Amino acid sequence: MRQSLIIFTRYPVPGKTKTRLIPALTAVGAADLHRQMTEHTLDRVRQLHATEPLSIEVHYAGDRDDLRMADWLGDDLVYQLQVNGNLGKRMAQSFRTVFEKYCQSGRDPRAIIIGTDCPGLDAAVLKLAFHHLHVCDLVLGPAIDGGYYLIGLSRFIPELFVGIDWGTAKVFEQTMDIANELGLSIEYLPTLADIDRPEDLSIWAEARDSGDE
């Protein structure tokens, strides 16, 4: 298996997930939305898995509890607790772990990390991302808010996760600056919207109304 797709998520505990949505949804409502979006994302990933050789890993934040995660999302996935630290440190460690595993087996790796708050991310976009990794170092899926909803690498490049103002509108631009300084070959995916704030909730409502949920 040369293709790994890593999903970043956490167990939907009220008060600990989607906290910026709590004023609009309550803690329970925000946790339930996170649950729905994670299941939505995993459904799209499994659609890709039905046609592509793919290792699916769930790297989750919070307390170690692989059994609880498997009870929720299924025992056919690989579960890994994220390390402590900011988003950059956690993504870097996840990529490092996957690429070290591939190197030990002598296989040519391609790995992608996604979150669970982008309803427009579907199997076709994921397939395109893996296709791009056959010919480039870095694939990015830009988000409307200035971040990115997907990052894919054909080799481990730790510099991409250092010196970034995570959680701001500068993330994509700063990542691109680093990539250009390193002389990386880059491919881009369509720009999509994340659901992070109350004003983004209409995006999820539209996805459900259109039958995408």
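The following paragraphs examine the structure supplied in this document.

The rules behind the values
Sequence order sets the numbering: in each chain, residues are counted from 1 along the sequence as written. With the structure being a predicted model, the display of local features is reserved for residues of pLDDT at least 70 and the display and counting of side-chain atom pairs for 80 or more, all residues being used for whole-chain, interface and lining totals. As a rule here, side-chain values cover all heavy atoms of the structure and leave hydrogens and water aside. Note on pairing: DSSP must find at least two bridges between two strands before they are called paired. Counting from the N terminus, the helices are the DSSP runs of H or I reaching at least four residues and the strands are the DSSP runs of E reaching at least two. Note on method: axes are straight lines fitted to C-alpha atoms, helices fitted across the in-contact stretch only, with angles between N-to-C directions ranging 0 to 180 degrees. Note on classification: 1.4 Å probe, protein chains only; a residue is buried when its accessible area is under 20% of the maximum for its type, exposed when over 50%, partly exposed between these limits. The directions from the helix axis to the C-beta atoms form the arc being described. Contacts are assigned to residue pairs that have any heavy atoms within 4.5 Å of one another. By definition, a salt bridge exists where a carboxyl oxygen of Asp or Glu is found within 4 Å of a side-chain nitrogen of Lys or Arg.

With that out of the way, let us pick up the sheet that holds strand S2 (residues 55–61). With mixed pairing, the seven strands of this open sheet are ordered in space as S3-S2-S1-S4-S6-S5-S7. Edge positions in the sheet fall to strand S3 (78–81) and strand S7 (186–188), since each of these pairs with one other strand and no more. The mean angle between the axes of side-by-side strands here comes to 20 degrees, regardless of whether they run parallel or antiparallel. Across seven bridges, strand S1 (residues 3–10) lies against S2 in parallel orientation. In the sheet register, Ile7 faces S2, and the bridge partner there is Val58.

This next bit is on helix H2 (residues 66–73). Listed in full, the buried residues belonging to H2 are Met69, Ala70, Trp72 and Leu73. Take H2 and look down its axis: the buried residues cluster within an arc of 160 degrees, on one side only. Turned more than 90 degrees away from the buried face of H2 sit Leu67 and Asp71, all of them exposed. Contacts made by the buried residues of H2 are with S1, helix H1 (22–49), S2 and S3. Once H2 ends, the next one or two residues include Gly74, with phi positive near 115 degrees.

Time to look at the pattern of salt bridges. Enumeration according to the criterion identifies eleven salt bridges in this entry. In this structure, the salt-bridge partner of Arg35 is Asp32, at a minimum N-O distance of 2.6 Å. Of this pair, Arg35 and Asp32 both sit in helix H1, three residues apart, roughly one helical turn. In this structure, Lys127 and Glu52 form a salt bridge, with 3.9 Å as the shortest nitrogen-oxygen distance. Note that Lys127 is positioned in helix H4 (residues 123–132) and Glu52 in the loop between H1 and S2, a separation of 75 residues in sequence. The class for Lys127 is partly exposed, based on a relative accessible area of 45%. Salt bridges sharing common partners tie together Lys18, Arg20, Asp117 and Asp196.

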